[in-house]
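# Architecture at a glance
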Amino acid sequence: SSGINAEYGDIIYDYELEPRTKLPRINMCTAGHAAGMAFYNRPEEVESPPWGQKKMFGCSVSPKYGGHFAFRAVFVFKNVKDPDILFLSPHDALDSEEKKIQLLQAFNGDWKNPAWRNIVQTDLPYSEEQIEYFNRAPRDRLPILKSLLDRHNEEDKKDQ
C-alpha cells in the first residue's frame, strides 16, 4: 500500500489499487457518503431507469459544492471503538428522480463535460482553468500549471 501507515490509522488515496484485482482499494463515493459529506447517487436506486441494462456508475453530489469537489483520500482509524459514534446522514441535494436520472446520464455520458457538476447551484464552481486541468491526463497538465503561474507572475508585476 502507498498509504501512510501510522500508529493511529492508515491513509488510503483515491489512486490506490488492490494488487491482485487492480480494483480501487476503497470506493471514495461510498466513504464520502458514510462520512456525511456528499450523497452518493447510485444507478440501482433509480426506480425506472431509462438506460435499461447498460452499466452505469454512481456519482456523488454535495449540497454545498454540487459536483465541484473530489474525494482524494480517507483516513481509516485503527482500534477506535465508540458505541456512541454518530452517523452523519448525507443530505440528498437532488429533489427528484428526474434530477438523479439527469445527473447519472450526464456523468456516464461524458464526465469531462462539466454540466453534471452543475446539477446543484453553487457559488464555488470550478474555474475554466480547473476544468481544463482536471480533464487532461496527469502527464498533460504541466503546461496548464505553467500558464497559470506565468499569468500570476504577470499580474504581480502589474501590481508593483
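To be clear, the structure that these remarks concern was listed above.
The structure reproduced in this document is the subject of the present report. (Residues numbered from 1 in each chain as written. Predicted model: local features only at pLDDT ≥ 70, side-chain atom pairs only at ≥ 80, totals over all residues. Heavy atoms only, no water.)

## Considering the side chain of Glu16
The condition is simple: Helix and strand labels come from DSSP, where a helix needs a run of H or I of at least four residues and a strand needs a run of E of at least two; each type is numbered from the N terminus. Burial classes: relative accessible area under 20% of the type maximum marks a residue as buried, over 50% as exposed, and values in between as partly exposed (1.4 Å probe, protein chains only). Any N or O atom pair separated by 3.5 Å or less is treated as a polar contact, with the protein-specific requirement of one donor-capable and one acceptor-capable atom, and with residues adjacent in sequence counted only for side-chain atom pairs.
Relative to the elements of secondary structure, Glu16 occurs in the loop between strand S1 (9-13) and helix H1 (28-34). Classification of Glu16 by relative accessible area gives buried; the value is 4%. Here the side chain of Glu16 touches Tyr13 through a polar contact of 2.9 Å, landing on its backbone nitrogen.

## Concerning the environment of Leu23
Convention followed: We call two residues contacting when some pair of their heavy atoms lies within 4.5 Å.
Note on placement: Leu23 falls in the loop between S1 and H1. Contact partners of Leu23, with chain neighbours within four places excluded, come to Glu16, Leu17 and Glu18.

## Structural notes on the packing of aromatic side chains
Inclusion rule: What counts as a ring pair is set by centres within 6.5 Å for rings of Phe, Tyr and Trp (its six-membered ring), and what kind of pair is set by the plane angle: stacked under 30 degrees, edge-to-face over 60, tilted for all other angles. For a ring to carry a charge above it, either NZ of a lysine or CZ of an arginine must fall within 6 Å of the ring centroid while also lying within 35 degrees of the normal to the ring plane.
Following the criterion strictly, the structure yields six aromatic pairs and no others. Seen from their ring centres, Phe107 and Trp116 are 4.9 Å apart, and the 75° between their planes marks the pair as edge-to-face. Given the relative accessible area of 21%, Phe107 is considered partly exposed. When the centroid spacing of 5.5 Å and the interplanar angle of 75° are considered together, the rings of Tyr133 and Phe134 count as edge-to-face. A relative accessible area of 23% means that Tyr133 is categorised as partly exposed. Positioned above the aromatic ring of Tyr133, the side-chain terminus of Arg141 is 4.6 Å from the ring centre.

## Brief notes about the nonpolar core
This is how it is decided: Residues belong to one nonpolar core when they are buried, are Ala, Val, Leu, Ile, Met, Phe, Trp, Tyr or Cys, and are joined through side-chain atoms within 4.5 Å.
Residues Val46, Trp51, Met56, Cys59, Val61, Leu94, Ile101, Leu103, Leu104, Trp116, Ile119 and Val120 constitute the largest nonpolar core, which totals 12 residues. Those elements giving two or more residues to this core turn out to be strand S3 (59-61) and helix H2 (97-109). Of all the elements, H2 adds the most residues to this core, at three residues. When residues no more than four places from it in sequence are discounted, the contact partners of Leu94 are Asn41, Lys99, Lys100, Leu103, Ile119 and Val120.

## With respect to the state of the cysteines
What counts here: Any cysteine sulfur atom paired with another within 2.5 Å is treated as part of a disulfide.
Summed over all chains, the structure comprises zero disulfides. Cysteine Cys29 remains unbridged, with the sulfur of Cys59 as its closest cysteine sulfur at 6.7 Å. The buried category is assigned to Cys59, whose relative accessible area is 2%.

## Remarks on unusual backbone geometry
Backbone geometry places Lys22, a non-glycine residue, at a positive phi of 65°. Secondary-structure assignment places Lys22 in the loop between S1 and H1. A residue is classified by how much of its surface remains accessible, and Lys22, at 56% relative accessible area, is exposed. With a phi close to 55°, Asn79 is a non-glycine residue in the positive phi region. Structurally, the position occupied by Asn79 is in the loop between strand S4 (73-77) and H2. Looking at Asn79, the relative accessible area reads 73%, which means it is exposed.

## Notes on the packing of helix H3 (residues 128-135) against helix H4 (residues 142-159)
Put simply, the rule reads: Working convention: axes come from line fits to C-alpha atoms, limited for helices to the stretch in contact. Angles between N-to-C directions cover 0 to 180 degrees. Working definition: roughly parallel below 35 degrees, roughly antiparallel above 145 degrees, roughly perpendicular at 65 to 115 degrees, and oblique for all remaining angles. All residues other than Ala, Val, Leu, Ile, Met, Phe, Trp, Tyr, Cys, Pro, Asp, Glu, Lys and Arg, Gly among them, are scored as polar; the first ten of these are nonpolar and the last four charged.
Taken N-terminus to C-terminus, the directions of H3 and H4 make an angle of 155°; their axes are 10 Å apart at the nearest point. With respect to H4, the axis of H3 lies roughly antiparallel. Here Glu129, Glu132 and Tyr133 of H3 come into contact with H4, specifically with Ile144, Leu145, Leu148 and Arg151. When grouped by side-chain class, the residues that make up the contact of H3 with H4 number four nonpolar, no polar and three charged.

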